Amino acid sequence: MKKSRILSKLPRHVAIIMDGNGRWAKNKGKLRILGHQAGVKSVHRAVNFAINHRLDALTLYAFSSENWNRPIQEVSALMTLFIRVLENEVEFLQNHNIRFRVIGDIHRFDNRLQECIRYSEDVTRNNDGLTLNIAANYGGRWDIIQAVRSIAIQVKQGILHPDQIDENTLRQFICMNELAPVDLVIRTGGEHRISNFLLWQIAYSELFFTDVLWPDFNDIIFRDALYAFARRKRNFGRTVNPSNYEENFC
Ligand code: IPE
Ligand code: IPE
Ligand code: MG
């Protein structure tokens, strides 16, 4: 496919399940946390790539609602790493006109991390370049539950009648509803599953899996994913070529 054609079929919103940090570290005889630290460099690469390719939004799965079940030492080290990265990166976000947001239930994080998150979100609120969403203490099931809870409150207050609830109603309360739909989900680390990442939002996303471990993720693999995306035919449930419908099926 010609380069110009590829560029015209770029996704607007890419979401990445950044998996494989632990195995990357183990392969090198290092502690898991060193894999997570190496993963931060890949985050930088991915964000720069997203800017250079003029994506509207990049959503990165950093910590799932199930990741609390890991050993306390790993969870604590991850929390410390999040704080350090946030404190160091606000300038980068500002310099690159990035709007930063966290999706997920941040109330379970300690106060310092919550403050860092709110500060980074506030400072970058009016930036109109790339929107960078970090999914932290995020679960696709949690997302749907929080949306349903908001709707239930509106019903209780008499603002909404149960008969009025449809797909659009729920969509309005789901995380990232105001952004372009997630066109492409990339998962590194070789597993072919969603692990409670975006559920509602990826109903019609294209999926791209790679064995590459997250700390090794680079522009070549990101580009491979974009090429794969450009070659996909997205039907959204429709007949592929409606003009041939009678010829093929009647
Ligand atoms: C993903 O890498 C990062 C987080 C879940 C925080 P992993 O830590 O799951 O790495 P593997 O899958 O064990 O190699
Ligand atoms: C998914 O990776 C979560 C993140 C990348 C943050 P996991 O390593 O937690 O997923 P499972 O446990 O292999 O499904
Ligand atoms: Mg993993």
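See the structure printed just above.
Residues numbered from 1 in each chain as written. Chains lettered and ligands numbered in written order. Predicted model: local features only at pLDDT ≥ 70, side-chain atom pairs only at ≥ 80, totals over all residues. Heavy atoms only, no water.

Draft legend 1. Representation of the overall build of the chain within the structure. The helix and strand inventory of the chain stands at nine helices and six strands. A compact globule built from 250 residues would reach a C-alpha radius of gyration of about 18 Å, and the chain, at 20 Å, matches this within 12%. In terms of overall dimensions, the chain has a C-alpha envelope of 65 × 55 × 35 Å along the principal axes. Taken across its 250 residues, the chain has 45% of its residues classed as buried. Residue pairs in contact within the chain that sit at least 24 positions apart in sequence constitute 77% of those at least 6 positions apart. Summed over all atoms, the accessible surface of the chain reaches about 14,100 Å², with 50% contributed by carbon and sulfur. Positive and negative side-chain charges in the chain, numbering 33 and 27 respectively, have mean positions lying 5 Å apart. (Helix = DSSP H or I, 4+ residues; strand = E, 2+ residues; numbered from the N terminus. Rg over C-alpha atoms; globule rule 2.2 N^0.38 Å. Buried < 20%, exposed > 50% of the residue type's maximum accessible area, 1.4 Å probe, protein only. Contact = heavy atoms within 4.5 Å. Areas by Shrake-Rupley, 256 points an atom, 1.4 Å probe, with all protein chains shown as cover. Lys, Arg positive; Asp, Glu negative; His and termini not counted. Charge placed at Lys NZ, Arg CZ, Asp CG, Glu CD.)

Draft legend 2. Representation of unusual backbone geometry within the structure. Even without glycine at this site, Asn-196 takes up a positive phi of about 60°. With respect to the helices and strands, the residue Asn-196 is situated in the loop between strand S5 (184-187) and strand S6 (206-209).

Draft legend 3. How the structure looks around the site of ligand 2. Ligand 2 sits among Ile-17, Met-18, Asp-19, Tyr-61, Ala-62, Phe-63, Ser-64, Asn-67, Arg-70, Arg-187, Arg-193 and Ser-195. Here an oxygen atom of ligand 2 sits 3.2 Å away from a polar atom, N or O, in the side chain of Asp-19. A distance of 2.9 Å is found between an oxygen atom of ligand 2 and a side-chain nitrogen or oxygen belonging to Asn-67. For ligand 2, whose unbound accessible area comes to 390 Å², protein coverage reaches 77%. When residues in the shell around ligand 2 are grouped by element, the largest group, four residues, is from strand S2 (residues 57-64). Split into classes, the residues belonging to the shell around ligand 2 amount to five nonpolar, three polar and four charged. (Near = heavy atom within 4 Å. Polar contact = N/O pair within 3.5 Å; in protein donor to acceptor, adjacent residues only side chain to side chain. Nonpolar A, V, L, I, M, F, W, Y, C, P; charged D, E, K, R; others polar.)

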